[in-house]
Amino acid sequence: MKRLISVALALVMVLVAFTACGEVIKPAVGTYADGTGTSIIEVGAYDEKAESGTMKISNTLSDLVYEGTYTISENEPKVSSILTLTTTAGEEMSFVYDITLDVMQDINSCIAYYGPNYVEAGEPAAE
């Protein structure tokens, strides 16, 4: 009987480990803007089958526009993920997305972009 319980417990632990590692955090679809509102990121829906989504970065002060597709990889389970944008010109840009605040941060420039569901740190997120 003890052996059966041990085997069942081991099986449950393995299943929990696989389920916990399986899901990456996807950003909310919509517009993300920096604190001044001049730099804007438009995030399209993530396609599970293609494992990518569309993204467009523009700036109201210049004609500079970056468009392309993004992929997602896990950063911190159930909290954040890394979005890698590959532009149509072949450039790569990386962002950290935090679901708890709905904020995306450019890894190179450290500019934070606040999403449609953004909440201040310490405030409860709307559910």
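Residues numbered from 1 in each chain as written. Predicted model: local features only at pLDDT ≥ 70, side-chain atom pairs only at ≥ 80, totals over all residues. Heavy atoms only, no water.

A. Quick look at the overall build of the chain. Of the regular secondary structure elements, the chain holds one helix and eight strands. Buried positions account for 28% of the 127 residues belonging to the chain. Of the contacts formed within the chain by residues at least 6 apart in sequence, a portion of 29% connects residues at least 24 apart. Carbon and sulfur atoms form 58% of the exposed surface of the chain, whose accessible area is close to 8400 Å². (Helix = DSSP H or I, 4+ residues; strand = E, 2+ residues; numbered from the N terminus. Buried < 20%, exposed > 50% of the residue type's maximum accessible area, 1.4 Å probe, protein only. Contact = heavy atoms within 4.5 Å. Areas by Shrake-Rupley, 256 points an atom, 1.4 Å probe, with all protein chains shown as cover.)

B. How the structure looks around the nonpolar core. Ranked by size, the top nonpolar core spans 17 residues in total, and within it Tyr-32, Ile-41, Met-55, Leu-83, Phe-95 and Met-104 carry the most contacts. Setting aside chain neighbours within four positions, we find Tyr-32 in contact with Pro-27, Ser-39, Ile-40, Ile-41, Val-43, Tyr-97, Asp-102, Met-104, Tyr-113, Tyr-114, Gly-115 and Pro-116. (Core = buried A, V, L, I, M, F, W, Y, C linked by side-chain atoms within 4.5 Å.)

C. View of unusual backbone geometry. The phi dihedral of Asp-102 is positive, around 60 degrees, even though this residue is not glycine. Inspection of the secondary structure assignment puts Asp-102 in the loop between strand 6 (92-98) and strand 7 (103-106). Under the relative-accessibility criterion, Asp-102 is labelled buried at 2%.

D. Molecular detail of the layout of surface pockets. Computed from the structure, the largest pocket encloses a volume of approximately 160 Å³. Lining the largest pocket are 15 residues; nearest its centre among them are Ser-39, Ile-57, Asn-59, Tyr-66 and Tyr-113. Elements with a contribution of two residues or more to the lining of the largest pocket: strand 2 (39-47), strand 3 (52-59) and strand 6. (1 Å grid on protein atoms, 1.4 Å probe; cavity = no way out; pocket = protein on both sides within 12 Å on 5 of 7 lines; lining within 4 Å. Points joined across faces, edges and corners; volume = space filled by probe spheres on them.)

E. Quick peek at the side chain of Ser-39. Inspection of the secondary structure assignment puts Ser-39 in strand 2. The exposure class of Ser-39 is buried, given its relative accessible area of 8%.

F. Representation of the side chain of Thr-87 within the structure. Mapped onto the elements, Thr-87 comes out in strand 5 (residues 80-87). With a relative accessible area of 7%, Thr-87 lands in the buried category. In contact with Thr-87, other than residues within four places in its own chain, are Tyr-66, Glu-67 and Gly-68.

G. Layout of the pattern of salt bridges. Tallied over the full model, the rule gives one salt bridge. Notably, a salt bridge pairs Lys-26 with Glu-48, separated by 3.2 Å at the nearest N-O pair. Of this pair, Lys-26 sits in the loop between helix 1 (2-21) and strand 1 (30-33) while Glu-48 sits in the loop between strand 2 and strand 3; the two residues are 22 residues apart in sequence, bridging distant segments of the chain. (Salt bridge = Lys/Arg side-chain N within 4 Å of Asp/Glu carboxyl O.)

H. Geometry of the confidence of the model for the chain. Looking at the chain as a whole, its pLDDT mean stands at 83, while 77% of the residues score no less than 70. Predicted confidence for residues 4-12 stays below pLDDT 50, and this span has zero contacts to residues more than four positions away or in other chains. Throughout residues 14-20 the model reports pLDDT below 50, and contacts reaching past four residues in sequence, or to other chains, amount to one contact. (pLDDT = per-residue confidence, 0-100.)

I. Spatial organisation of the packing of aromatic side chains. Taken as a whole and assessed by the stated rule, the structure comprises four aromatic pairs. For the ring pair Tyr-32 and Tyr-97, a centre distance of 6.3 Å and an interplane angle of 85 degrees mean the geometry is edge-to-face. Residue Tyr-32 is found in strand 1, and its partner Tyr-97 is found in strand 6; the two are separated by 65 residues along the sequence. An identical accessibility class is assigned to Tyr-32 and Tyr-97; each is buried. (Phe/Tyr/Trp six-rings, centres within 6.5 Å; stacked < 30°, edge-to-face > 60°.)

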